[in-house]
Each structure stands twice: as structure tokens, then as C-alpha cells.
Amino acid sequence: MSGELDPVIHAPNRLQMCCMLAAVDTIDFATVREALDVSESVLSKHVKTLEEAGYVKVRKAASEGRQRTWLSLSKPGREALKGHLAALKAMMAGVPEA
């Protein structure tokens, strides 16, 4: 864990997604889309960016007669998120409270 801001995670939707995924083993695409209030195409682009970085694992499976996409945070993704959050906390340490 380096404690540096990670440009892959830093985008607000990707940061939210990584935080959601860190709290669970796996979550379906539709739930993430609804929570972030974004379109399927916007979420797909964010998922692809995180997947290409090795931070998110994508699994497709049939469920209730239709194809569903499941997302999970990989071990490198968890480590990158921890480092990113540590960097944010360090930055916030110097900010006086309101």
C-alpha cells in the first residue's frame, strides 16, 4: 500500500464503486448502476477501466432466465483502494474542521 492517489480509482464513480465492492464479496451490475444513478454504458466504461487495471473481476452468469453480470473487487483492487483512501486521509489531516 503506497498511500498515493490512484488515478484509476480517483474518478468519483469509480471511487464509489470500489467502496461499494470493498464491502461485499460480489454484487450485480444492476445494483451498482442503480446506486450510482448512471446509465449502463457509463457504468460499463468504468467497469472496463477498473477491470483493465486488474482492480475488478467481472463474471457473467445466467440467473432467473437472463444473463447477469457480477462484479467483485480483486486483491490488487483492495490494496489500491486502501492506498488511495490513505492518501485522501493524509490530505484531509491538514484541513481544519468547519
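Structural notes, computed from the coordinates. None of these values were measured; they are calculated from a predicted model.

**Let's talk about the side chain of Arg14**
Reasoning step 1: Mapping Arg14 onto the fold places it in helix α2 (residues 12–22).
Reasoning step 2: For Arg14, the side chain forms a polar contact with the main-chain oxygen of Val8, separated by 2.5 Å.
Reasoning step 3: If we skip the residues at most four places from it in the chain, Arg14 touches Pro7, Val8, Ile9, His46, Thr49 and Leu50.

**Observations concerning the environment of Leu71**
Reasoning step 1: If you trace the backbone, Leu71 turns up in strand β3 (residues 66–73).
Reasoning step 2: Judged by relative accessible area, which is 0%, Leu71 ranks as buried.
Reasoning step 3: Sequence separation between Leu71 and Ala35 is 36 residues, and the spatial gap between their C-alpha atoms is 14 Å.

**Focus on unusual backbone geometry**
Reasoning step 1: The phi torsion at Asp37 lies on the positive side, around 55°, for a residue other than glycine.
Reasoning step 2: Position of Asp37 relative to the elements: it lies in the loop between α3 (29–36) and α4 (40–52).
Reasoning step 3: The exposure class assigned to Asp37 is exposed, which follows from its relative accessible area of 69%.

**Remarks on the pairing of β3**
Successive side chains on a regular strand alternate, one facing one side of the sheet and the next facing the other.
Reasoning step 1: Among the 8 residues that make up β3, 6 are buried, leaving the element largely enclosed by the rest of the structure.
Reasoning step 2: Judged from the 2 bridges that link them, strand β1 (residues 27–28) and β3 form a sheet pairing that is antiparallel. Counterpart to Asp28 in the pairing with β3 is Trp70.
Reasoning step 3: Linking strand β2 (residues 56–63) back to β3 in an antiparallel pair, the connection comprises 2 residues, with Glu64 at a positive phi of about 55°.

**Details of the sheet that holds β3**
Reasoning step 1: Read across the sheet, 3 strands follow the order β1-β3-β2 without closing on themselves; strand pairing throughout is antiparallel. Because the sheet does not close on itself, it has two edges, and the strands there are β1 and β2.
Reasoning step 2: Sitting on the sheet, α2 is in contact with β1, β2 and β3, with an inclination near 90° to β3.

Parameters and conventions
- Residues numbered from 1 in each chain as written.
- Predicted model: local features only at pLDDT ≥ 70, side-chain atom pairs only at ≥ 80, totals over all residues.
- Heavy atoms only, no water.
- Helix = DSSP H or I, 4+ residues; strand = E, 2+ residues; numbered from the N terminus.
- Polar contact = N/O pair within 3.5 Å; in protein donor to acceptor, adjacent residues only side chain to side chain.
- Contact = heavy atoms within 4.5 Å.
- Buried < 20%, exposed > 50% of the residue type's maximum accessible area, 1.4 Å probe, protein only.
- Pairing = 2+ DSSP bridges.
- Axes fitted to C-alpha atoms, helices over the stretch in contact; angles between N-to-C directions.

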